[in-house]
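Close look at the chain arrangement
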Amino acid sequence: EMKAPTAAIENYLRMIQDRALGNDLAAYDHPIERSIVRLEGMRKLVTDLLDLTRIESGRKARTVEDLNVQDIAAGCVENARELGVARGITLELAPGERAPMKADRGEIELIFNNLLSNAVKYNRDHGRVDVSVAVRDHEVVITVADTGIGMTEEECGRLFGEFVRIRNDRTRQIEGSGLGLSIVRRLAHLYGGEATVMSTPDVGTTFTVTLPIPA
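These remarks concern the structure in this document. (Residues numbered from 1 in each chain as written. Predicted model: local features only at pLDDT ≥ 70, side-chain atom pairs only at ≥ 80, totals over all residues. Heavy atoms only, no water.)

**Let's talk about the overall build of the protein**
Short version of the rule: Starting at the N terminus, helices and strands are each numbered in turn, a helix being any DSSP run of H or I of at least four residues and a strand any DSSP run of E of at least two. The contact rule is simple, with two residues in contact once any of their heavy atoms fall within 4.5 Å. Calculation of accessible area relied on Shrake-Rupley with a 1.4 Å probe; when residues are assessed, cover is drawn exclusively from the protein chains displayed.
Looking only at helices and strands, the protein features 6 helices and 7 strands. Starting at the N terminus and ending at the C terminus, the protein contains elements arranged as α-α-β-α-β-β-α-β-β-α-α-β-β. Principal axes of the C-alpha set define a box for the protein whose edges measure 70 × 40 × 35 Å. Sequence-distant contacts, at least 24 apart, represent 70% of the contacts inside the protein between residues at least 6 apart. Surface exposure of the protein reaches about 12200 Å², of which carbon and sulfur atoms provide 52%.

Structure below.
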């Protein structure tokens, strides 16, 4: 995962160093832009690796406090809206009552941010992402549904593994670390909960995270 973008950036830099595209500076805009995209992908991979390592080792600093998950969802959805602007993707949070629980704010935000990022990346242009938070049977239930390209049952079965990315003609150009959903499931397990997925090709995908509320 690190070697491919490193090689691409090196090739672009050597192209610039050798003036391979001539003396017109505008000709180098594309390799520069692609290098920046690759670097952003590597930064995301490093961040995800650090998050995953901290969770696995139990060394992640945690501040468990009384939170309203509905409020956290509202903030994350608002921040994620700009991700969908360029492709006309709408993100909406369903109205809901308070969803109180004791949790680490950063961990709950990480769950939402990974699910929302995924829902936008694998959506179709002018698609939609619907988010809801509810309290049912002593659990906070988070749902993120998109109108994207969807997956087969076999692909869904592999989705939460580390470094797993669904590769086909429609996803080939989509950047990602392959760790985001693994982090979501590990955080759900940290709270004694679970993360699941249901999907239909060419229709969309729905992720559900359940987080038990201790008595």
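**Some points on the side chain of Ser-199**
The criterion, for reference: Between N or O atoms, a polar contact is any pair within 3.5 Å; within protein, one atom must be a potential hydrogen donor and the other a potential acceptor, and residues adjacent in sequence are included only when both atoms are from side chains.
Tracing the backbone through its elements, the reader meets Ser-199 in strand 6 (residues 194-200). For Ser-199, the side chain forms a polar contact with the main-chain nitrogen of Met-151, separated by 2.7 Å. A distance of 3.2 Å separates the side chain of Ser-199 from the backbone oxygen of Gly-204, its partner in a polar contact. Among all residues touching Ser-199, those that are not within four sequence positions of it are Gly-150, Met-151, Cys-156, Gly-204 and Thr-205.

**Re the packing of helix 2 (residues 29-57) against helix 6 (residues 180-190)**
When two helices pack together, their arrangement is given by the angle between the helix axes and by the axis-to-axis distance. Cut-off, in case you're wondering: A fitted line through C-alpha atoms represents every axis, and for helices the fit uses only the stretch in contact; the resulting angles, taken between N-to-C directions, go from 0 to 180 degrees. By definition in this entry, angles of less than 35 degrees are roughly parallel, angles greater than 145 are roughly antiparallel, angles of 65 to 115 are roughly perpendicular, and the rest are oblique. Crossings are sorted by hand: turned counterclockwise from the far helix by less than a right angle, the near helix makes the crossing left-handed, and turned clockwise it makes it right-handed. Gly falls in the polar group here, along with every residue not listed as nonpolar (Ala, Val, Leu, Ile, Met, Phe, Trp, Tyr, Cys, Pro) or charged (Asp, Glu, Lys, Arg).
Interhelical geometry of helix 2 versus helix 6 gives an angle of 25° and a closest axis separation of 10 Å. With respect to their mutual orientation, helix 2 and helix 6 come out roughly parallel. When the axes of helix 2 and helix 6 are compared, the crossing they make is left-handed. Here helix 2 contributes Asp-48, Asp-51, Leu-52, Ile-55 and Glu-56 to the contact with helix 6, which in turn contributes Gly-180, Ser-182, Ile-183, Arg-186 and Leu-187. Across the contact of helix 2 with helix 6, the residue classes break down as 4 nonpolar, 2 polar and 4 charged.

**Focus: the environment of Asn-118**
Quick reminder of the rule: Throughout this description, buried means an accessible area under 20% of the type-specific maximum (1.4 Å probe, protein chains only), exposed means over 50%, and partly exposed covers the range between.
Take Asn-118: it is sitting in helix 4 (residues 105-121). By relative accessible area, Asn-118 is classed as buried at 16%. For the pair Asn-118 and Gly-75, spaced 43 residues apart in sequence, the C-alpha to C-alpha distance is 17 Å. Setting aside residues no more than four positions away along its own chain, Asn-118 makes contact with Leu-181 and Phe-207.

**Quick look at a nonpolar patch on the surface**
Note the cut-off: Patches in this entry comprise residues that are over 30% relatively accessible and not in a salt bridge; like charges within 9 Å are linked, as are nonpolar side chains (Val, Leu, Ile, Met, Phe, Trp, Tyr) within 5 Å. Whenever a carboxyl oxygen of Asp or Glu lies within 4 Å of a side-chain nitrogen of Lys or Arg, that contact is scored as a salt bridge.
A cluster of nonpolar side chains, contributed by Met-2, Val-46 and Leu-50, occupies part of the molecular surface with about 230 Å² of accessible area. Structurally, Met-2 can be placed in the segment before helix 1 (3-17). On the basis of relative accessible area, Met-2 is assigned to the partly exposed category, the value being 35%.

**A short note on the pairing of strand 4 (residues 128-136)**
Just so we agree on the cut-off: Strands qualify as paired when DSSP identifies two bridges or more between them.
In this structure, strand 2 (residues 90-93) lies alongside strand 4, joined through 4 bridges in parallel fashion. When the sheet's bridge partners are listed, Leu-93 is paired in strand 4 with Val-131. Direction of pairing for strand 4 relative to strand 5 (residues 139-146): antiparallel, over a ladder of 8 bridges. Bridge assignment links Ala-134 to a residue of strand 5, and that residue is Val-141.

**A few points about the environment of Phe-207**
As for its position among the elements, Phe-207 is in strand 7 (residues 204-212). Relative accessible area serves as the criterion here: at 3%, Phe-207 is assigned to the buried category. Considering only alpha carbons, one finds Phe-207 and Thr-196, 11 residues apart in sequence, at a separation of 5.8 Å.

**What to know about the pattern of salt bridges**
Should their charged atoms come close, side chains of opposite charge can pair. Scanning the model with the defined rule gives 8 salt bridges in all. Note that Glu-10 and Arg-14 form a salt bridge whose closest N and O atoms lie 3.1 Å from each other. Highlighted residues: Glu-10 and Arg-14, both in helix 1, separated by 4 residues, approximately one helical turn. For Glu-10, a relative accessible area of 37% corresponds to the partly exposed category. Measuring nitrogen to oxygen at the nearest pair gives 2.9 Å for the salt bridge that ties Lys-102 to Asp-66.

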